[in-house]
Amino acid sequence: ATIRLHRYDRTLYINAFNDTIREIFPDLYRRLDVTELVVGNILPNSHFRDWDVSTVPDKWTLSNVTAAATTTAGLYWGGAKSAKVTASAGNGYLACTSDTIPRLLDLMDTEVSAYVWAYPEDANDATIVIYTKKADGTAQTLTSTTTCPAGEWTLLKLEDQKLNDDLVDVQVRL
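Residues numbered from 1 in each chain as written. Predicted model: local features only at pLDDT ≥ 70, side-chain atom pairs only at ≥ 80, totals over all residues. Heavy atoms only, no water.

Trainee: Residues and numbers for the packing of aromatic side chains, please.
Mentor: A ring pair, where both rings are aromatic, is described by two values, the distance of the centres and the angle of the planes. The final tally for this structure, using the stated rule, is one aromatic pair. Taken together, a centroid distance of 5.2 Å and an interplanar angle of 55 degrees make the contact between Tyr 119 and Trp 153 tilted. One end of the pair, Tyr 119, is in the loop between strand S5 (111-118) and strand S6 (129-134); the other, Trp 153, is in the loop between strand S7 (139-143) and strand S8 (154-162), with 34 residues separating them in the sequence. Looking at Tyr 119, the relative accessible area reads 36%, which means it is partly exposed. One residue, Arg 173, lies across the ring of Tyr 131, its end atom 4.6 Å from the ring centre. (Phe/Tyr/Trp six-rings, centres within 6.5 Å; stacked < 30°, edge-to-face > 60°. Helix = DSSP H or I, 4+ residues; strand = E, 2+ residues; numbered from the N terminus. Buried < 20%, exposed > 50% of the residue type's maximum accessible area, 1.4 Å probe, protein only. Lys NZ or Arg CZ within 6 Å of the ring centre and 35° of its normal.)

Shown next as structure tokens:
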């Protein structure tokens, strides 16, 4: 239980802050135009901005792929870098997992949507996969079905997917 003790009514503090904000609004207001911000994005480093020249983006893992940061004009969308992922075997992917980002387990028993801009070299070669595993070993694999032409930017969508409850593993694979 959380217990808060205040000498004065907490509502008076909140009202005072709100009044102050209204009174000094034009002086302290600064418009922010952050094109990389996505509300509700649970995935870290989604524009690979903080990725240096290492072979694995921060907080992401690789499976049967190699990855390289690219700043080549036309090969990134919205940010300053993108991940150029090349498969070294079938069904390779770049992934965020609940092993490295435990916060992904907060998605259990919720409805989620995932969107990713992709620039595939081969037609229909890019997908979003949400893989989950329950404590009893039951697996759930949700895969996007967006058609993506080769050499064109395409918004991949995996919308309104209900994740299982009692999850021990959550992976978002690209």
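What follows picks up the thread again.
Trainee: How would you summarise a nonpolar patch on the surface if you had to cite specific residues and measurements?
Mentor: There is a patch of nonpolar side chains on the surface, built from Tyr 8, Leu 12, Tyr 13, Ile 14, Phe 17 and Ile 21 and spanning about 650 Å² of accessible area. Take Tyr 13: it is sitting in helix H1 (residues 10-28). Exposure remark for Tyr 13: the relative accessible area of 38% places this residue in the partly exposed category. (Patch = residues over 30% accessible without salt bridge, like charges linked within 9 Å, V, L, I, M, F, W, Y side chains within 5 Å. Areas by Shrake-Rupley, 256 points an atom, 1.4 Å probe, with all protein chains shown as cover. Salt bridge = Lys/Arg side-chain N within 4 Å of Asp/Glu carboxyl O.)

Trainee: Report on the nonpolar core, specifying residues and quantitative values.
Mentor: One finds Leu 104, Leu 107, Ile 130, Leu 156, Leu 158 and Leu 163 to be the most contacted residues of the largest nonpolar core, which totals 21 residues. Not counting chain neighbours up to four residues away, the residues in contact with Leu 158 comprise Val 112, Ser 113, Ala 114, Ile 128, Ile 130, Leu 142, Thr 143 and Ser 144. (Core = buried A, V, L, I, M, F, W, Y, C linked by side-chain atoms within 4.5 Å. Contact = heavy atoms within 4.5 Å.)

Trainee: Kindly report on the pairing of S6, identifying the contributing residues and their values.
Mentor: For S6 and S7, the ladder comprises five bridges, and the chain directions are antiparallel. When the bridges of S7 are listed, Ile 130 appears paired with Leu 142. Hairpin connection between S6 and S7: a loop of four residues separates the two successive antiparallel strands, and Gly 137 in this loop has a positive phi of roughly 95 degrees. Where S6 lies against strand S9 (residues 167-173), six bridges are found, and the strand directions are antiparallel. Counterpart to Lys 133 in the pairing with S9 is Asp 169. (Pairing = 2+ DSSP bridges.)

Nothing here speaks to function; it is geometry throughout.
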